[in-house]
Structure formats: C-alpha cells, structure tokens
Amino acid sequence: MEHGHSFEEIQNRIGQPGSINHLKDIVFGGIDGAVTTFAIVAGVQGAGLSPAIIVILGIANVFADGFSMAMGNYLGTKSERDDIARIREIESRHIRDVPEGETNEIRRILQLKGLEGQTLDDATLAITRNKEAWIDMMLVDEYGKSPVNPEPVRSAGATFLSFFVCGLVPVLPFLVGMDEAFLAATIATTCTFFAIGMLKSVWSLASWWRSGLETTLIGSAAAGIAYAAGYAMSKFAN
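Residues numbered from 1 in each chain as written. Predicted model: local features only at pLDDT ≥ 70, side-chain atom pairs only at ≥ 80, totals over all residues. Heavy atoms only, no water.

**A word on the overall build of the protein**
Selection rule: The helix and strand labels rest on DSSP assignments: H or I over at least four residues marks a helix, E over at least two residues marks a strand, and numbering proceeds from the N terminus. Atoms counted for the radius of gyration: C-alpha only. Globule rule: 2.2 Å times the number of residues to the power 0.38. Residue burial is assigned from relative accessible area. The probe radius is 1.4 Å, only protein chains are included, and a residue is buried under 20% of its type maximum, exposed over 50%, and partly exposed in between. Per-residue accessibility takes into account occlusion by the displayed protein chains alone, with areas from the Shrake-Rupley method and a 1.4 Å probe. We count Lys and Arg on the positive side and Asp and Glu on the negative side, and we leave His and both chain ends out. Note on charges: their place is set at NZ of Lys, CZ of Arg, CG of Asp or CD of Glu.
Scanning the protein from N- to C-terminus turns up 10 helices and zero strands. Element order for the protein, N to C, with α for helix and β for strand: α-α-α-α-α-α-α-α-α-α. Whereas a compact globule of 238 residues would reach a radius of gyration of roughly 18 Å, the protein reaches 25 Å, over 25% beyond that. The C-alpha extent of the protein, read off along each of the three principal axes, is 80 × 40 × 25 Å. Per-residue burial for the protein yields a buried fraction of 34% across its 238 residues. Element-wise, carbon and sulfur atoms account for 63% of the exposed surface of the protein, whose accessible area totals about 14,100 Å². When the 18 positive and 26 negative side-chain charges of the protein are each reduced to one mean point, those points stand 3 Å apart.

Encoded structure:
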C-alpha cells in the first residue's frame, strides 16, 4: 500500500503496534467455501439428484465445513502464537543467563546488515539496553518470526465469515427456486472466484484481471472435477 513520507506521517506509522492482515484467511475461506459448496452442487447435479438434496447438502456444508475450517485455522494460528511466546521466553532466559552470548548474536546480526566499526558498537549497545527490542530482533533475524502476535479468534472469524458468504453463492439459485438454477449457480460461482482474485490483487503486484483469472481457473477446475465425478458415479450406479 502506498503511504506518505512527511515527518508526521512517519511518526504516526513507524513504531506503532503492528497489526495483523487477515487477507490470507479471507481468500482461503472464500475460495474453499465457493469450491467445496459448488463441488457438492455440481456433484449432485451431475448425479441427477433432486434440487432439494443440493440445498440440504449445500447449507450443511456451509455451516459444518465452514466451522471446521475456522476451528482448524484457530488452532493453527494459536499454535503459531504459542510458538512465538515460547521463543520469547527462551530468549528472555538466555539474555538473563548468557548475556554475552546473546549480545554477540545481536552484534553478528547487525554486521550482516552492513554495520561496522563504532556504528556497530553503538547500535549493539543501544539495542541490548532495550530488552523488548532485543527479543524482537532475535525473533525476526534468528527465528524468522514476526514480532506481532497472531490473532487466532479474528483469523477464525474471518475464515468462517468468508467461507459462509462465498459458500452460499452456489446454493442460492436452488434455494430461491430459479429456473436453470445450475447454470445460474455456475455463473455466480465463477463471478465469485473472479471477485476473490480481484480482491487478492489489491495486495499483489499482479494485475486485477490476471489474479481474477488465476483464481477462476483454479476454482473452475475443482468444480469440473466434482461434476465429472458425480456424473460418472450416477452412470456407474445405473
């Protein structure tokens, strides 16, 4: 995202508490919601079963699979947060018990960033005087972790909401009893895939149409496989 570089803008932006971007949760939940629900719609349609079954299975999937996915994201994100807390505790203990060794680690990290001589000495001293800044630097440069704690509840909520909204799209034409409901569901789901790709491009260097097309192709491939599987099973059963 573009930002200004005036003194006030820099003061307001740099050094403030970091925030978590839930783009991954939204995109992941949205694509999975649209794909899995449309897979049910396509599979049941391919098998030639009743539209009522599509509605029942589709709605059940939106709630059950959406909740399952959200809980999986919650537990995964919580594990990541717990790991960061564990590393912080380890580094805090090392700073207390082996301060010279930890100071040398900071010095080496700063050397790799191009500092040397008196500047290196001064920077090492300044950082090791601030324990939180010291641990934050070790998190980033020794362990490759972000110093900003993940947010399990918000991640799970973003995943579920995105899954729920996008997952309802393939079912709605059947729910309201539209003519040519499967065609309408196919078009609506394709548009949903493209919209998710467009959203993703806001945080990417890829153009909106390329990102939208990529997401559409991936989602459509999954839907096509589901339809073919349902159709094949219906022929096999007969």
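**A few points about the packing of aromatic side chains**
For clarity, the cut-off: Here the aromatic set is Phe, Tyr and Trp, taking the six-membered ring for Trp, and pairing holds for ring centres within 6.5 Å; pairs whose planes are under 30 degrees apart are stacked, those over 60 apart are edge-to-face, and all others are tilted.
Under the definition given, this model contains four aromatic pairs. Here Phe63 and Phe164 contribute two aromatic rings whose centre-to-centre distance is 5.4 Å and whose plane-to-plane angle is 65°, an arrangement assigned as edge-to-face. Residue Phe63 is found in helix α3 (residues 51-97), and its partner Phe164 is found in helix α7 (residues 152-168); the two are separated by 101 residues along the sequence. With a centroid separation of 6.1 Å and 85° between ring planes, the pair formed by Phe194 and Trp208 is classed as edge-to-face. Of this pair, Phe194 sits in helix α9 (residues 181-201) while Trp208 sits in helix α10 (residues 208-237); the two residues are 14 residues apart in sequence, bridging distant segments of the chain. Classification of Phe194 by relative accessible area gives partly exposed; the value is 25%. Pairwise contacts between aromatic rings join Phe63, Phe160 and Phe164 into one cluster.

**Quick word on the packing of α3 against helix α4 (residues 99-112)**
Two packed helices can be described by the angle between their axes and the distance between those axes. The line we're drawing: All axes here are fitted lines through C-alpha atoms, helices being fitted over the stretch that makes contact, and every angle between N-to-C directions spans 0 to 180 degrees. Residue contacts are defined here by distance: any two heavy atoms, one from each residue, within 4.5 Å place the two residues in contact.
Here α3 crosses α4 at 115°, and the two axes come no closer than 5 Å. Side by side, α3 and α4 meet where Glu91, His94, Ile95, Arg96 and Asp97 of the first sit next to Pro99, Glu102 and Glu105 of the second.

**Quick word on the pattern of salt bridges**
Which entries qualify depends on this criterion: A carboxyl oxygen of Asp or Glu within 4 Å of a side-chain nitrogen of Lys or Arg is what we treat as a salt bridge.
Considering all chains together, one arrives at nine salt bridges under this definition. Residue Lys113 pairs with Asp141 through a salt bridge whose shortest N-O separation is 3.1 Å. One end of the pair, Lys113, is in the loop between α4 and α5 (117-128); the other, Asp141, is in helix α6 (residues 131-141), and 28 residues separate them in sequence. The exposure class of Lys113 is partly exposed, given its relative accessible area of 48%. Measuring nitrogen to oxygen at the nearest pair gives 3.7 Å for the salt bridge that ties Glu151 to Arg154. Note on Glu151: relative accessible area 25%, which makes it partly exposed. Where salt bridges share partners, they join Asp83, Arg86 and Lys145 into one cluster.

**Quick word on the side chain of His22**
One can find His22 in the loop between α1 (7-13) and α2 (23-46). With sequence-adjacent residues up to four places away left out, His22 is seen in contact with Glu151, Arg154, Ser155 and Ala158.

**Description of α5**
As a reminder, the rule being used: Multiplying 1.5 Å by the residue count of a helix minus one yields the expected span of that helix. Throughout, the arc means that of the directions going from the helix axis to the C-beta atoms.
The terminal C-alpha atoms of α5 lie 17 Å apart, and with 12 residues this matches the ideal 16 Å at 1.5 Å per residue to within 8%. All of the buried residues in α5 are Leu120, Thr124, Ile127 and Thr128. Within α5, the buried residues cover an arc of 90° as seen down the axis, which keeps them to one side. Looking at the buried positions of α5, the neighbouring elements they touch are α4 and α6.

**So, the environment of Thr124**
Short version of the rule: Counting of polar contacts relies on pairs of N or O atoms within 3.5 Å, with two restrictions inside protein: one atom must be capable of donating a hydrogen and the other of accepting it, and residues adjacent in sequence are counted only when both atoms are side-chain atoms.
Residue position: Thr124 is located in helix α5. Taking the relative accessible area as the measure of exposure, Thr124 reaches 5% and is therefore buried. Residues Thr124 and Arg108 lie 16 residues apart in sequence; the distance between their C-alpha atoms is 9.3 Å. Look past the residues within four positions of Thr124 in its chain and what remains in contact with it is Thr103, Ile106, Arg107 and Leu110. At a separation of 2.8 Å, a polar atom in the side chain of Thr124 contacts the main-chain carbonyl oxygen of Leu120.

**Quick notes on the nonpolar core**
For clarity, the cut-off: In these notes, a set of buried Ala, Val, Leu, Ile, Met, Phe, Trp, Tyr and Cys residues joined through side-chain atoms within 4.5 Å is what counts as a nonpolar core.
Ranked by size, the top nonpolar core spans 11 residues in total: Phe38, Val41, Ala42, Val44, Ile54, Val55, Val171, Phe174, Ala181, Ala185 and Ala223. If you list the elements that add at least two residues to this core, you get α2, α3 and α9. Excluding its chain neighbours within four sequence positions, the residues that come into contact with Val41 are Ile54, Pro170, Val171, Phe174 and Phe182. Membership of the second largest hydrophobic core comes to 10 residues, among which are Leu120, Ile127, Ile135 and Met137.

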